[in-house]
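A closer look at the structure
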Amino acid sequence: MRAPTIAMLIVGLALWCGQTLAQPWQPRYSADGLYNLANSYARAGKPGLAVLNYERASLLAPDDADINANLEYVRASAHVATEPRTRFARIAQAANPTLAAWIGVLGIALVGVGLLARKLAPRFQWLRAGGVLLGVALIALTVSNAMLLWPRMHEAVVLINQTPARVSPVPMGDTAFVLREAETVTITAEHEDFILIRTRGGLSGWVARANLGTVVPQLSEPPPP
Amino acid sequence: MRTRPIHWSKVIVAILGLIAPIAIAIANAMAMADGMADAALAYETMEPPRIRLGDSAMIRVTSLDGYLKNVPLPTVPGLTFELLGRSQGLEFVSGKSIPSTYILIRVTPQFTGLFSIPGLTPTSRSLGLEVVSGDEPNPYALHSHNQFPQPLKVSPAPIPKGIQLKAGGAAFVQLVIPTRAVYVGESVPVDIEVGIRPGIVTSMNGLPTLSGTDFTLNNLSKQPKRSDQVIEGSPFAVMTWHSVLAAVKPGDFSLSVETPLSVKINTHSAEDIAIAARMGWPFLQSMYNGIVPKDITIASPSSALKVLPLPTQGQPKDFSGAVGDFQVSSDISPARVAAGDPLTLRLHISGVGNFDRVDSTMFDRLDRWKTYPAKSSFTPSDAVGYKGEKVFEQPLIAALPGEQTIPGLEFSYFNPNTQHYERAHTQPVKVMIAASLADSSLSALAAAQSLNGAPTNQSARGLRPDHPRPQSSVSEMRPLYFQALFLAVPATLALILAGSWFAVRPNPARATSKSAERALAQLDAAAQSGDSSSFFEVARTALLHTFAVRWQMSPDQITVAELKARLGPAGEDIERLCALADEAKYSDYEPGSTDFQHWLRLIRGQLTGERE
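Residues numbered from 1 in each chain as written. Chains lettered and ligands numbered in written order. Predicted model: local features only at pLDDT ≥ 70, side-chain atom pairs only at ≥ 80, totals over all residues. Heavy atoms only, no water.

1. Considerations on the overall build of chain A
When helices and strands are counted, chain A shows seven helices and seven strands. When its helices and strands are written in sequence order, chain A yields α-α-α-α-α-α-α-β-β-β-β-β-β-β. Counting only residues that meet the buried cut, chain A has 42% of its 225 residues in that class. Of the contacts formed within chain A by residues at least 6 apart in sequence, a portion of 59% connects residues at least 24 apart. (Helix = DSSP H or I, 4+ residues; strand = E, 2+ residues; numbered from the N terminus. Buried < 20%, exposed > 50% of the residue type's maximum accessible area, 1.4 Å probe, protein only. Contact = heavy atoms within 4.5 Å.)

Right under this line is the structure:
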């Protein structure tokens, strides 16, 4: 009975690995590469593209001092307001998202093993309790990290100066307000070639997709040079 | 005297010969009277006779003699007729009311002009309709109490020089060109005049065209300038087009223009008309009623034009074919930009000439600037585009900051007035290119903060340098915990742990092992000291506690029967041990050392799960 089950598991694992390897080659991103690219755009006088790539680099390495300094620098140069990070955000984003993800897995393992050990053997209660508490803390750290990063998954940067935000998703729609280049906005909806955005000031309007760059690259976006 | 016999047959013939012409004359007179009656009893009117393009006029056919049959709708090029219906009413003639029948027809024009609508009833006259463009004064102002219609300016004139009346004197066309020699490629203003007699020329079937292929003529407007003249005592509507002509090759040419018309041409000979005139108006009227419009094309008299080739001597290398008299100027905006920002250089070329040959090759010398394709726009200052201004907009980008100079632009053309090639040029333009947006803005920010006494921001020192070549990379920008593939890892781990938590049960033996070891130690101590009372009491307590944990019940609920049922023969030994414990406690029973060892093995076996 066990042998067929193990065989099926192995076959399933092999199929999954094959499917994963058969997927098309995806572009490679690195925090340093994006940072250097952003520096190039900043030197070329393109603050929108510079901020976009700094934001992307910051997503991969949130605690990198150079990225944050240059991001602040270019935003200030483009006269775009910046919001200082709260202490909670600084703590939660101390670890990069990849590390935070594995910390969360470790936390789940600690909590699970602690609860299991309590059932198996009643000894070393303080050790078990400590392990469970540590696991919960690690999971909380990961969840906080994810919660803080979740809004950035739906953020975009204005690439063109004086980009009009229209009241309706049509090219001839009336202009509700005008966006400054390098301004960061939140995506709330999409319709064909237009994106409904909300500014940090609470204004909403439809902006042409070509005038925005999403912080998390779209699948159709070409890889970075 | 002999009388001759009367031949009655001759008498009858003579009488018939006299009566027949009289009868025919009477019949003709009756027929003519019927025709006059028809003419008097059916007629049509049209209101208004002058409308704007886009409006409609109404034809009302009135019959004073009972029911009126349907009338055939006429066919006039440029007019659309639509039968709206019929109605009945009363007409008051000389104080008497006469029952009448009406037929209403709507007339909608398709273009402006003078139209002649043939009569709809056999004896009615043709109707005239004038259609003006939409931007002309409201023709309905005729009915206004405050505004009276402006009479058309009619100027009596003999036949102008160069005009030849065509189509039986009903129309003419004339081409007015300069008398001097022109150069190849030179744009020359020309006028084309077409005069028509309203009522005789029913419509113009197209715009005038130039005969020959050696010249190009700009597109003619569909709304020519219109005036009215009297030529040789007849009113003419004269339409004038202003255009520009250009020759494509040198030589002596003869030019003329043609225009298609629909004209009512009388095809009867002069003798026929004279006979009809002697027979009276009914015959003459019937002759004219038979005239139908005919499509013809009339041409203007030929005009001679000499076309000279452009001189090859002194022709500049950058000459693009522009012929005329031009002036150039330039400007740039904005005058101060940041490095990398675009600025626009505008070159204005104004004057008269063939602006279509003025191109943007003068921008080719801006090799120290990054350029994009130039755009051009032409703003004519006359109706035909002979005079005006052409503006070229050239986007430029400076890569380096500092004061930059845009060199002067040169433009070569041939001036037919001076008959020489000339060169117009602009002055060099200086532009201040600031540092890039980021650096300049940051400097201003830092300067402002320093002036306020605040410490300069760390970022104000400028962009931090690039990082070394990246060592690691990821294929997905989305963090791991937002990737479905990774989420399978903690999910699987949590499932395994949860499954284990449910699958694993606590081991009762392990839970009691520590207390059992403690009890066995006490038993050993009691056995060595020979304290049977303590030995059996500790043994009974430890066994009952162990059995209670193992069987998930309270120690008080364990009875002898329970022991025997669960332990079998060993239950009897446990029962005896309990009895000895009572005896030792209450009667000072002292078992031997052999007995202690026996009971120790039994108790250890039960506590640790081992069997003897």
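2. A closer look at the overall build of chain B
Per the secondary structure count, chain B includes ten helices and 30 strands. Residues counted as buried form 35% of the 612 residues belonging to chain B. Across chain B, every contact between residues at least 6 apart in sequence was considered, and the portion connecting residues at least 24 apart equals 69%. Carbon together with sulfur atoms contributes 56% to the accessible area of chain B, which is approximately 35,600 Å² in total. (Areas by Shrake-Rupley, 256 points an atom, 1.4 Å probe, with all protein chains shown as cover.)

3. Quick word on the nonpolar core
Here is a general trend for soluble globular proteins: nonpolar side chains tend to be buried in one another's company. Tyr54(A), Leu59(A) and Val74(A) are the most contacted members of the largest nonpolar core, which has 35 residues in total. The leading source of residues in this core is helix H3 (residues 47–60) of chain A, at seven residues. Aside from chain neighbours lying at most four places away, what touches Val74(A) is Ala42(A), Pro47(A), Ala50(A), Val51(A), Tyr54(A) and Leu463(B). Ala247(B), Leu261(B), Leu305(B) and Val307(B) belong to the second largest nonpolar core, which has 33 residues in total. (Core = buried A, V, L, I, M, F, W, Y, C linked by side-chain atoms within 4.5 Å.)

4. What to know about the side chain of Ser116(B)
Residue and element names in this part refer to chain B. When you line up the elements, Ser-116 lands in strand E6 (residues 113–117). Here Ser-116 falls in the buried class, since its relative accessible area comes to 3%. Apart from residues no more than four positions distant in its own chain, Ser-116 is found in contact with Val-76, Ser-126, Leu-127, Gly-199, Thr-202 and Lys-264.

5. Some points on helix H7 (residues 125–149) of chain A
Its 25 residues place the ends of H7(A) 36 Å apart at the C-alpha level, agreeing with the 36 Å of an ideal helix rising 1.5 Å per residue. Residues of H7(A) that are buried include every one of Arg128(A), Gly131(A), Val132(A), Gly135(A), Leu138(A), Thr142(A), Ser144(A), Asn145(A), Ala146(A) and Leu149(A), and no others. (Expected span 1.5 Å × (residues − 1).)

6. Quick look at the sheet that holds strand E20 (residues 303–308) of chain B
All names here are of chain B. Reading across the sheet, the three strands line up as E10-E20-E17 and stay open at both edges, with mixed pairing between neighbours. Each edge of the open sheet is held by one strand with a lone partner, namely strand E10 (182–183) and strand E17 (251–255). Strand direction decides the pairing type here: E17 and E20, joined by five bridges, are antiparallel. Of the residues in E20, the one forming a bridge with Ser-254 is Ala-304. (Pairing = 2+ DSSP bridges.)

7. Let's talk about the pattern of salt bridges
All names here are of chain B. Inspection of the entire model under this criterion finds 20 salt bridges over all chains. Salt-bridge contacts for Arg-180 lead to Glu-186; the nearest nitrogen and oxygen are separated by 2.7 Å. Assessed through its relative accessible area of 3%, Glu-186 is described here as buried. Where Arg-566 meets Glu-562, a salt bridge forms, and the shortest distance between an N and an O atom there is 2.6 Å. In this pair, Arg-566 and Glu-562 are both assigned in helix H8 (residues 560–567), four residues apart and thus about one turn of the helix distant. The class of Arg-566 is partly exposed, set by a relative accessible area of 42%. Here the salt bridges do not stand alone but share partners, grouping Arg-50, Glu-130, Arg-226 and Asp-228 into one network. (Salt bridge = Lys/Arg side-chain N within 4 Å of Asp/Glu carboxyl O.)

8. Details of the packing of aromatic side chains
Residues and elements named next belong to chain B. The full count for this structure, using the stated rule, is 19 aromatic pairs over all chains. For the ring pair Tyr-481 and Phe-482, a centre distance of 4.9 Å and an interplane angle of 90° mean the geometry is edge-to-face. By relative accessible area, which is 8% here, Tyr-481 ends up buried. Taken together, the ring pairs in this structure connect Phe-326, Phe-355, Phe-378, Phe-411 and Tyr-413 into an aromatic cluster. (Phe/Tyr/Trp six-rings, centres within 6.5 Å; stacked < 30°, edge-to-face > 60°.)

9. Quick notes on the sheet that holds strand E27 (residues 402–406) of chain B
All names here are of chain B. With respect to topology, three strands assemble into an open sheet ordered E22-E30-E27, the strand pairing being mixed. Here the strands that pair on one side only, and so sit at the sheet edges, are strand E22 (336–338) and E27. Across this sheet, the average inter-strand angle for adjacent strands is 35°, counted without regard to direction. (Axes fitted to C-alpha atoms, helices over the stretch in contact; angles between N-to-C directions.)

10. Brief notes about the side chain of Arg464(B)
Turning to its location among the elements, Arg464(B) is positioned in the loop between helix H4 (437–451) and helix H5 (484–503). The class of Arg464(B) is buried, set by a relative accessible area of 19%. A polar contact of 3.0 Å, which involves the side chain of Arg464(B), links it to the side chain of Asp66(A). (Polar contact = N/O pair within 3.5 Å; in protein donor to acceptor, adjacent residues only side chain to side chain.)

11. Observations concerning the interface of chain B and chain A
Taken together, the 40 residues of chain B in the interface contact 54 residues of chain A. Counting each side, the surface lost to burial between chain B and chain A is near 4,400 Å², with a carbon and sulfur contribution of 67%. Between Asp66(A) and Arg464(B) there is a salt bridge whose closest N-O contact spans 3.0 Å. Between the two partners, chain B and chain A, sit twelve residue pairs in polar contact (both at pLDDT 80 or more). For the side of chain B that touches chain A, the elements supplying multiple residues, two or more each, are H4 and H5 of chain B. No other element matches the ten residues that H5(B) contributes to the side of chain B that touches chain A. Residues that form the side of chain B that touches chain A fall into these classes: 25 nonpolar, ten polar and five charged. (Buried area = accessible area lost by both parts, 1.4 Å probe. Nonpolar A, V, L, I, M, F, W, Y, C, P; charged D, E, K, R; others polar.)

12. Observations concerning the confidence of the model for chain B
Low pLDDT means the predicted atomic positions in that stretch should not be read closely. Residues and elements named next belong to chain B. Predicted confidence across chain B gives a mean pLDDT of 75, with 73% of residues reaching 70 or more. For chain B, the element scoring lowest by mean pLDDT is H4, at 45; E10 scores highest, at 90. Segment residues 28–40: pLDDT under 50, and six contacts once partners within four positions in sequence are set aside and those in other chains are kept. Predicted confidence for residues 139–149 stays below pLDDT 50, and this span has ten contacts to residues more than four positions away or in other chains. (pLDDT = per-residue confidence, 0-100.)

13. Considering the pairing of strand E18 (residues 257–264) of chain B
Residue and element names in this part refer to chain B. Bridge analysis of strand E12 (residues 201–204) against E18 gives three bridges, and the strand direction is antiparallel. In the sheet register, Val-201 faces E18, and the bridge partner there is Val-263. Across two bridges, strand E13 (residues 209–210) lies against E18 in antiparallel orientation. In the sheet register, Leu-210 faces E18, and the bridge partner there is Val-257. Across seven bridges, the pairing between E18 and strand E19 (residues 293–299) is antiparallel. Across the sheet, the residue bridging to Leu-261 is Ile-296, located in E19.

14. A word on the packing of helix H2 (residues 31–43) of chain A against H3(A)
All names here are of chain A. It is at 8 Å that the axes of H2 and H3 come closest, and there the two elements cross at 165°. By the angle between their axes, H2 is roughly antiparallel relative to H3. Of the two possible hands of crossing, H2 and H3 adopt the one that is left-handed. Across the interface between the two elements, Ala-31, Leu-34, Tyr-35, Leu-37, Ala-38, Asn-39, Tyr-41 and Ala-42 from H2 touch Leu-49, Ala-50, Asn-53, Tyr-54, Arg-56, Ala-57 and Leu-60 from H3. Tallied by class, the residues present in the contact of H2 with H3 amount to twelve nonpolar, two polar and one charged. (Parallel < 35°, antiparallel > 145°, perpendicular 65-115°, else oblique. Left-handed = near helix turned anticlockwise from the far one by under 90°.)

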